[in-house]
Each structure stands twice: as structure tokens, then as C-alpha cells.
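# Descriptive analysis of the structure
Next come the chains, spelled out residue by residue.
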Amino acid sequence: EKGGFEHFMMKEIHEQPKAVQDTLNSVIKNGAIDLSSVEITEDEIKNFEQIYIVACGSAWHVGMAAQYVLEDIADIPVRVELASEFRYRKMPLNQKALVIVVSQSGETADTLAALRLAKEKGITTMAIVNVVGSSIAREADKVFYTLAGPEISVATTKAYSAQLAAMYCLAVQFAKVREKITEEQYSYYLYELLTLPEKMQKTLEDKERIQWFAAKYANAQDVFFVGRGIDYAVCLEGSLKLKEISYIHSEAYAAGELKHGTISLIEQGTLVIGVLTQSELYEKTISNMLECKSRGAYLMGLTTYGKYEIEDQVNFTVYVPKVDEHFVGSLAVIPLQLLGYYVSVAKGLDVDKPRNLAKSVTVE
Ligand code: F6R
């Protein structure tokens, strides 16, 4: 049942290229995105003034990454909200908004409550959901199924990746319908999207390097993940993966925030992991990391092949293939999932069933 892998998590990490491929194939047909299965019309897409993305945990991290992509490509304002906050917050909601809830299980209590709240207010809702026939899938106005297949490991990997792929498709299609990109740009984005599964596969091939590093840092007390923009969203997910299955305290910081407090925690040997896939932000983040290094931190840098200058700046480097920078989070997250996995294994922990956690959180 584990397909030759020692744990479900590792099996599911390896199923990510397929989960993404299947999810992309469900809406990309004959060189175009077709959202008819989601039952959303071009008129609707044209008329939304705002998107709210509401979710919990890793699904919320998908929203955090997607907001940068939707805002940049489709030029539509996006707010990302934790479902547990959104449902109790008395915020004015734009009636011409689209509320997108994201959930693997489709049963998360807070996300379901947020969906119901949006519906009560008469706002159009869409679910990006993995489990067919789940409560969230049944109640949302529109459903975009992620085709990740059953996910057993408590720590999500392939569902997260499939959710992100679904978001990319929405971003590119919204951009096209709202006339924010040219036909050439549209074709370019589709082409780049379709290269993702193969590049994810390639990223997985470097796993021994992460395994070696994980063994070396298995006894770390605290780990800091830093990045900006999409890289920051990837940091949030990397940090959660590490803490939930390896029980190492970790935090994700928007790199520029370090000097507003957290840098006081950096000591001799503290591990700082920087995600640096966004060319425009590279110099900014690396300089924040070097400030940590001069206070004794050990630096791991995660970037794309070609940015070899990083070798002179950090202590340990991990590269992922190049892809359009809006979509590179799908590659950058993989070494971080592997890091959490290998640290957990090195510590002899129950990788698939970490303490105190349940796969589906049906109480608030
Ligand atoms: C972390 C993890 C959780 C879930 C969260 C939402 O690895 O799995 O943070 O992402 O509980 O669950 P769903 O997606 O089922 O709503």
C-alpha cells in the first residue's frame, strides 16, 4: 500500500508530479484553460472586484502563495484569510467578490463555517477541494477538484501541490478573460505550467543531498525560514512541515521583518534557511541572511540553477530547476518537504502520524 516507500508521506511526496499533472490536465485542453467543469463563466470572471481566499494550515499557505500570482498576473486584489479568523471577524465584505475556500478533506470545520458565512452574505463561493462529495464540495457554488488522490499522511504534500496548480490555472485564466495578458503571454504561461510535473520529478532526484543535510541538523533547536513574496509563502509551508513532523521549533519570516525583532534569537550555529527563487528579491533576502551569518548563523540557501553566486554567500545550497517565477514555489517546496521528512526519520518519529494531530480537523 505504501508502494515500496517506508512511509505514506514519502510516497505522497513522490506522487506530486502526477497530482499536479492530473489537476492541470483536468482543465487544460487543446492549448487553453477550460473552466467549464468548475461552472464559472467568463462574465462572472470579468465582474469580480475582489478575491478572498480562506483556508487553514497548509491550504492557507497555498492562498498565501496564490495571492502573489493572482495579483501579479490577473491584476485583481486578493486577501488571504485564516478561516478561524474570517468566520468571527466583522469585516465589510465586497459583494462582488469571489470567496475561494481551499481544503484537502473538505471537512475542516472552520473552513466550512467560513464558506457558509460567505454564502449567507450572498457572495459567490468556489471550493478548491480534494475529497469528492465532502461537505465543502457539496456546499460551494463552484468546485475545482484537485486530483491528488487519497492523502493518508497527516502532513499534506501532494494535496498542497495540486491546490497550488489549481490556483495557477485560475490566475492565468482570470488574466486572459480580464484582458490583462496577451495571447503570447497566455501561451507562455500554459507552456510553463505544463513543464511543472517534469521539473518536480527532477527536483525529487536530488533528495540524497537533503537527506545528508537533515541528518546533520536533526538536533537543531530552532530553525528560521526567510524569504520575500512567493518565497515567503514557501517558507510558511516549509516551516510547518518541519515543525509538525520533526518537532523542531521553526518560524517563517518575511525576510525584511527579521530586524524588527526576531534577529535577537540568532546565535552561534542557528540554522537560517533562505528561499531565494525570485530574482528581483534575491539581493534583499541574501543581505538579510548575511546579517544573520555575521551573528553566527549557519545558512542554507534554496534557489534556482544558474544563481551560482550563492555558493560564496551561504554554507549549503540547494537548487531547483528554472520555471516562470510565478510557479517556482511548486518546486521550491519539495526540498523543504523532504527536509521535514528526513529530520523526522532521523529522529525516529512517527512520520505519518505526528503527535497531537489529526488528518481532518472537524472541530474548531
Ligand atoms: C499540514 C496540514 C494541515 C491542513 C489543514 C487544513 O500538513 O495538513 O495544516 O492543511 O488542517 O486541512 P484541509 O485542507 O483538509 O482543510
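Since the model is a prediction, treat every value here as computed from it, not as a measurement. (Residues numbered from 1 in each chain as written. Predicted model: local features only at pLDDT ≥ 70, side-chain atom pairs only at ≥ 80, totals over all residues. Heavy atoms only, no water.)

As a further point, take the overall build of the protein. The helix and strand tally for the protein stands at 13 helices and 12 strands. What you see for the protein is a C-alpha radius of gyration of 20 Å, in line with the 21 Å of a compact globule of 364 residues. Looking at the protein residue by residue over its 364 residues, the buried ones come to 60%. Side chains of the protein give 37 positive and 48 negative charges; the mean places of these two sets differ by 3 Å. (Helix = DSSP H or I, 4+ residues; strand = E, 2+ residues; numbered from the N terminus. Rg over C-alpha atoms; globule rule 2.2 N^0.38 Å. Buried < 20%, exposed > 50% of the residue type's maximum accessible area, 1.4 Å probe, protein only. Lys, Arg positive; Asp, Glu negative; His and termini not counted. Charge placed at Lys NZ, Arg CZ, Asp CG, Glu CD.)

Turning next to the nonpolar core. Among the nonpolar cores identified, the biggest contains 98 residues, and Ile 53, Ile 100, Phe 144, Leu 193 and Phe 327 are the most heavily contacted of them. For this core, the leading source of residues is helix H8 (residues 158–177), giving 13 residues. Contacts of Ile 53, omitting those with residues within four sequence positions, involve Gly 63, Ala 66, Leu 70, Val 78, Arg 79, Val 80, Glu 81, Ile 100, Val 102 and Met 167. Counting residues in each nonpolar core, the second largest holds 20 residues, with Met 91, Leu 93, Ala 114 and Ile 123 among its members. (Core = buried A, V, L, I, M, F, W, Y, C linked by side-chain atoms within 4.5 Å. Contact = heavy atoms within 4.5 Å.)

Our next topic: the site of the ligand. Around the ligand, 14 residues are found, and the nearest of them are Ser 103, Gln 104, Ser 105, Thr 108 and Glu 244. Between the ligand and the protein, one listed contact pairs an oxygen atom with a backbone N or O atom of Ser 58 at 3.1 Å. One nitrogen or oxygen atom from the main chain of Thr 156 is found 3.0 Å from an oxygen atom belonging to the ligand. Protein coverage of the free-state accessible area of the ligand, which is 410 Å², stands at 89%. Residue composition of the shell around the ligand, by class: five nonpolar, seven polar and two charged. (Near = heavy atom within 4 Å. Polar contact = N/O pair within 3.5 Å; in protein donor to acceptor, adjacent residues only side chain to side chain. Areas by Shrake-Rupley, 256 points an atom, 1.4 Å probe, with all protein chains shown as cover. Nonpolar A, V, L, I, M, F, W, Y, C, P; charged D, E, K, R; others polar.)

Let us look at the confidence of the model for the protein. The pLDDT averaged across the protein works out to 97; a share of 100% of its residues lies at or above 70. If you check the scores for this complex, the pTM reads 0.98 and the ipTM reads 0.99. (pLDDT = per-residue confidence, 0-100.)

If you trace the backbone, Thr 111 turns up in helix H6 (residues 109–120). Those residues within four positions of Thr 111 in sequence are excluded, and the remaining contacts are Val 54, Ala 55, Cys 56, Ala 83, Val 101, Val 102, Ser 103 and Ile 136.

The end-to-end C-alpha distance of helix H4 (residues 57–74), which contains 18 residues, comes to 25 Å, matching closely the 26 Å that a straight helix rising 1.5 Å per residue would cover. Along H4, the largest kink reaches about 30° and is centred on Ala 66. Asp 75 sits one or two residues past H4 and shows a positive phi near 55°. (Expected span 1.5 Å × (residues − 1). Bend = angle between axes of the 7 residues up to and from the residue.)

Pairing in this open sheet of five strands is parallel, and the strands run S4-S3-S5-S6-S7 from one edge to the other. Among the strands making up the open sheet, the edge pair consists of strand S4 (78–82) and strand S7 (142–145). Averaged over all pairs of adjacent strands, the angle between their axes in this sheet comes to 20°, without regard to strand direction. Across six bridges, the pairing between strand S3 (residues 50–55) and strand S5 (residues 97–103) is parallel. Looking at the pairing, Ile 51 lines up with Leu 98 of S5. Against the sheet, H4 contacts S3, S4 and S5, and its axis sits at roughly 170° relative to S4. (Pairing = 2+ DSSP bridges. Axes fitted to C-alpha atoms, helices over the stretch in contact; angles between N-to-C directions.)

A few words on the pattern of salt bridges. Enumeration according to the criterion identifies 15 salt bridges in this entry. A salt bridge links Glu 15 to Lys 11; the nearest nitrogen and oxygen atoms lie 3.1 Å apart. Residue class for Glu 15 comes out partly exposed when judged on its relative accessible area of 23%. Note that Lys 158 is salt-bridged to Glu 15, the shortest N-O span being 2.8 Å. Note that Lys 158 is positioned in helix H8 and Glu 15 in the loop between helix H1 (8–14) and helix H2 (16–27), a separation of 143 residues in sequence. The class for Lys 158 is buried, based on a relative accessible area of 3%. One network of salt bridges, with partners in common, ties together Lys 11, Glu 15 and Lys 158. (Salt bridge = Lys/Arg side-chain N within 4 Å of Asp/Glu carboxyl O.)

With respect to the helices and strands, the residue Lys 142 is situated in strand S7. A residue is classified by how much of its surface remains accessible, and Lys 142, at 8% relative accessible area, is buried. Polar contacts involving the side chain of Lys 142 include one to the side chain of Glu 44, which spans 3.1 Å.

Attention now moves to the packing of helix H11 (residues 230–246) against helix H13 (residues 329–346). Two numbers describe how H11 lies on H13: the axes approach to 8 Å, and their chain directions differ by 15°. Considering the angle they form, H11 stands roughly parallel to H13. Considering only the axes of H11 and H13, their crossing is right-handed. Seen from H11, the contacting residues are Ile 230, Val 234, Glu 237, Gly 238, Lys 241, Leu 242, Ile 245 and Ser 246; seen from H13, they are Gly 329, Ala 332, Val 333, Leu 336, Gln 337, Leu 339, Gly 340, Tyr 341, Val 343 and Ser 344. The residue makeup of the contact of H11 with H13, split by class, is 10 nonpolar, six polar and two charged. (Parallel < 35°, antiparallel > 145°, perpendicular 65-115°, else oblique. Left-handed = near helix turned anticlockwise from the far one by under 90°.)

The final tally for this structure, using the stated rule, is 13 aromatic pairs. Ring geometry for Tyr 217 and Tyr 298: centres 5.2 Å apart, planes at 40°, overall tilted. You can see Tyr 217 sitting in the loop between helix H10 (207–216) and strand S8 (222–227) and its partner Tyr 298 sitting in strand S11 (residues 298–304), a full 81 residues away along the chain. For the pair Tyr 217 and Tyr 298, one class covers both residues: buried. (Phe/Tyr/Trp six-rings, centres within 6.5 Å; stacked < 30°, edge-to-face > 60°.)

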